[in-house]
Amino acid sequence: MKTVINENERGFLFKNGTYRKLLLPGKHRVATRFGESCVKVNVAHPVALPNVDIAVLLRDEAFARSVTRIDVPDGHIALRTEDGRIVDDLYPGTYCYWNCFREQSFKLINTTEAELGGLTAEQLMAVPRHLYRSYEVAEGEAGLLYVDGQFVRMLKSGVYNFWLNLQKISVLRVDLRAQQLDIAGQEILTADKVSLRINFVCTYRVVDALKVISEINDYKSQVYATTQLALREYIGRFRFDELLEQKDSIAAFVLKQLQAKQNALFVEFSDAGLKDIILPGEIRDIMNTVLVAEKNAQANVISRREEVASTRSLLNTARLMEENTTLYKLKELEYLERICDKVGTISVSGGNLLGELREIMSSK
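Residues numbered from 1 in each chain as written. Predicted model: local features only at pLDDT ≥ 70, side-chain atom pairs only at ≥ 80, totals over all residues. Heavy atoms only, no water.

Concerning the overall build of the protein
Here is step 1 of the chain: Check the secondary structure of the protein and you find ten helices and 18 strands.
Here is step 2 of the chain: Burial statistics for the protein: of 364 residues in total, 31% are counted as buried.
Here is step 3 of the chain: Considering only intrachain contacts with a sequence separation of at least 6, the fraction spanning at least 24 residues in the protein is 62%.
Here is step 4 of the chain: Of the roughly 23,700 Å² that the protein leaves accessible, carbon and sulfur atoms contribute 50%. (Helix = DSSP H or I, 4+ residues; strand = E, 2+ residues; numbered from the N terminus. Buried < 20%, exposed > 50% of the residue type's maximum accessible area, 1.4 Å probe, protein only. Contact = heavy atoms within 4.5 Å. Areas by Shrake-Rupley, 256 points an atom, 1.4 Å probe, with all protein chains shown as cover.)

The following block contains the structure:
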């Protein structure tokens, strides 16, 4: 029987189930009566024959010249490239690909290491996503890389990829930027047992990312507690009235206390401030009553001062008029002018009113 192998095909000749040789494109005679058979395959597909070990085929020199072989060992994967384009990923095993029309190349990648590195962006996209995990360290952060619970190195800002193999990988991110701590509604007793609610704020930043994670359990809670205790220490020293008189010094004292302990916390405190002091309802009512009384007393003092000044002015005016007759008459004319300004019309039943006024003024 004649068999035709096309240009894009290759044939495998078997006799009684045993592989004999590779048939290249052309016409071939297959003696079926003697147990020969031919299996034709398309060279566009990987070499894969059922029930035939690839090692058997590789014994044939013609077959070995027609294919490119790749052995992927355990703990590795390979990226297959055809004519410079990534087309496939290969798991551990032996593979053969036809090199008749396309150039085959392979990128062997070790998956037993911790970090997935040394790959281009295109190669990384071809790696199966379930084989690795990505971690991103943002700008202003530090990443701490741990392998099997042991610290390995510090990671700067960027994206890092690690294999999901037998090693346990973890990345802890620590914010190195300035952070604001708010202590809101903190109830604190003064020395005279007055309960106040304090709103306080401070600013700090981490200066040693490794130690703040490895030597302190939840450093943010530690910073909060340290600030809280400094507030209580200061406010508990003074009576309520004393505290109100020097409330501007609270922030400076607390900041000094925090800076004295910052090395033990591996942070740096840069600022602190008192936002509010909230008084209890009954204390607030008393304070308002005292304030109203003080303002009323101030108003009375001002009123009395103005009355005294007015009386003193009248007395000085009377002395001047007593000593100067002309000034006295001018004052009379001034008052007469004011009276006339207030009068719209004057009705007189008899007599000369203007003449009488003239006589009155001239007799003075």
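A word on the pattern of salt bridges
Here is step 1 of the chain: Under the counting rule described, the total for this entry stands at nine salt bridges.
Here is step 2 of the chain: As a salt-bridge pair, Arg69 and Asp71 come within 3.2 Å of each other at their nearest N and O atoms.
Here is step 3 of the chain: Given the relative accessible area of 38%, Asp71 is considered partly exposed.
Here is step 4 of the chain: The partner of Arg80 in a salt bridge is Glu82, and the shortest N-O contact between them spans 2.8 Å. (Salt bridge = Lys/Arg side-chain N within 4 Å of Asp/Glu carboxyl O.)

Re the layout of surface pockets
Here is step 1 of the chain: Its volume calculated, the largest pocket comes out at about 170 Å³.
Here is step 2 of the chain: Together, 13 residues line the largest pocket, and Val43, Ala44, His45, Glu82 and Arg102 are the ones closest to its centre.
Here is step 3 of the chain: Of all the elements in the fold, those that place two or more residues in the lining of the largest pocket are β7 (76-82) and β9 (93-98).
Here is step 4 of the chain: Residue classes in the lining of the largest pocket are distributed as six nonpolar, four polar and three charged. (1 Å grid on protein atoms, 1.4 Å probe; cavity = no way out; pocket = protein on both sides within 12 Å on 5 of 7 lines; lining within 4 Å. Points joined across faces, edges and corners; volume = space filled by probe spheres on them. Nonpolar A, V, L, I, M, F, W, Y, C, P; charged D, E, K, R; others polar.)

Section: the sheet that holds strand β3 (residues 18-23)
Here is step 1 of the chain: Across the sheet, which stays open at both edges, the three strands sit in the order β3-β2-β5 with antiparallel pairing between neighbours. Since the sheet does not close on itself, it has two edges, and those belong to β3 and β5 (36-42), each with one partner. Adjacent strand axes in the sheet meet at a mean angle of 25° when their direction is disregarded.
Here is step 2 of the chain: Across five bridges, the pairing between strand β2 (residues 9-15) and β3 is antiparallel. When the bridges of β3 are listed, Phe12 appears paired with Leu22. (Pairing = 2+ DSSP bridges. Axes fitted to C-alpha atoms, helices over the stretch in contact; angles between N-to-C directions.)

Quick look at the packing of helix α5 (residues 219-235) against helix α7 (residues 250-265)
Here is step 1 of the chain: For the pair α5 and α7, interaxial distance at closest approach is 9 Å and the crossing angle is 140°. Between α5 and α7, the angle falls in the class oblique. Every pair of crossing elements has a handedness; the one defined by α5 and α7 is right-handed. Touching Gln222, Val223, Thr226, Thr227, Ala230, Leu231, Glu233 and Tyr234 of α5 are Ile250, Phe253, Val254, Gln257, Leu258, Lys261 and Leu265, all from α7.
Here is step 2 of the chain: The residue makeup of the contact of α5 with α7, split by class, is nine nonpolar, four polar and two charged. (Parallel < 35°, antiparallel > 145°, perpendicular 65-115°, else oblique. Left-handed = near helix turned anticlockwise from the far one by under 90°.)

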